[in-house]
Amino acid sequence: TLFPYTTLFRSVTNPISSSNYLLAQNASRCGAANSRAEARKIALYSGVSSSMGFQFVPLAVEVFGRLGAKFDAFLKELSARAVARYAEVDQTVANKMHASLIHLWKMKISCLLQKGKAKIIHMSSFRAAEGSRAPPHLIDFGLLQQRFHQ
């Protein structure tokens, strides 16, 4: 299968902070929040995955859909592998297939992100109506990731 991974999106942490320092750092340049998230995930998980013989790829997506550099490279590598299965296809068709796959996957990721944001807003309004003050800054995307494979 093209996606042998059991979990692509397990949780999403909101990068927006009330800390002026973090807001300034994330707003300093395009992709800054992704770079910070990728570095944080690499520091946390790469040692464990490499000790088990796996390659770790941090999947970081900003709120408005910008993919992290490593996530983008990962999608391009997956697309190239998928297109390589069709050796009889000429280069023009292969390039179109490659671009179409990346576009399709990015659209699916974008839809998942929008659904996740809608879920956060829904949960916030539901909790506010009940009087709960617990912010839904970390949500489980276990059910949403199953739809990514469809």
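Residues numbered from 1 in each chain as written. Predicted model: local features only at pLDDT ≥ 70, side-chain atom pairs only at ≥ 80, totals over all residues. Heavy atoms only, no water.

## A closer look at the overall build of the protein chain
Argument step 1. The helix and strand tally for the protein chain stands at five helices and two strands.
Argument step 2. Counting from the amino terminus, helix and strand elements in the protein chain follow one another as β-α-α-α-α-β-α.
Argument step 3. Counting all 150 residues of the protein chain, 27% fall into the buried class.
Argument step 4. Nonlocal contacts in the protein chain, meaning residues at least 24 apart in sequence, comprise 59% of its contacts between residues at least 6 apart.
Argument step 5. Carbon and sulfur atoms make up 59% of the accessible area of the protein chain, which totals about 10,200 Å². (Helix = DSSP H or I, 4+ residues; strand = E, 2+ residues; numbered from the N terminus. Buried < 20%, exposed > 50% of the residue type's maximum accessible area, 1.4 Å probe, protein only. Contact = heavy atoms within 4.5 Å. Areas by Shrake-Rupley, 256 points an atom, 1.4 Å probe, with all protein chains shown as cover.)

## Section: the nonpolar core
Argument step 1. Counting residues in each nonpolar core, the largest one holds eight residues, listed as Leu59, Leu67, Phe71, Phe74, Leu75, Leu78, Trp105 and Ile109.
Argument step 2. For this core, the secondary structure elements donating two or more residues are α3 (69–84) and α4 (91–130).
Argument step 3. Of the residues forming this core, the biggest block, four residues, is contributed by α3. (Core = buried A, V, L, I, M, F, W, Y, C linked by side-chain atoms within 4.5 Å.)

## Details of the side chain of Glu38
Argument step 1. Position of Glu38 relative to the elements: it lies in helix α2 (residues 32–51).
Argument step 2. Setting aside residues no more than four positions away along its own chain, Glu38 makes contact with Pro58, Ala60, Gly68, Ala69, Lys70 and Phe71.

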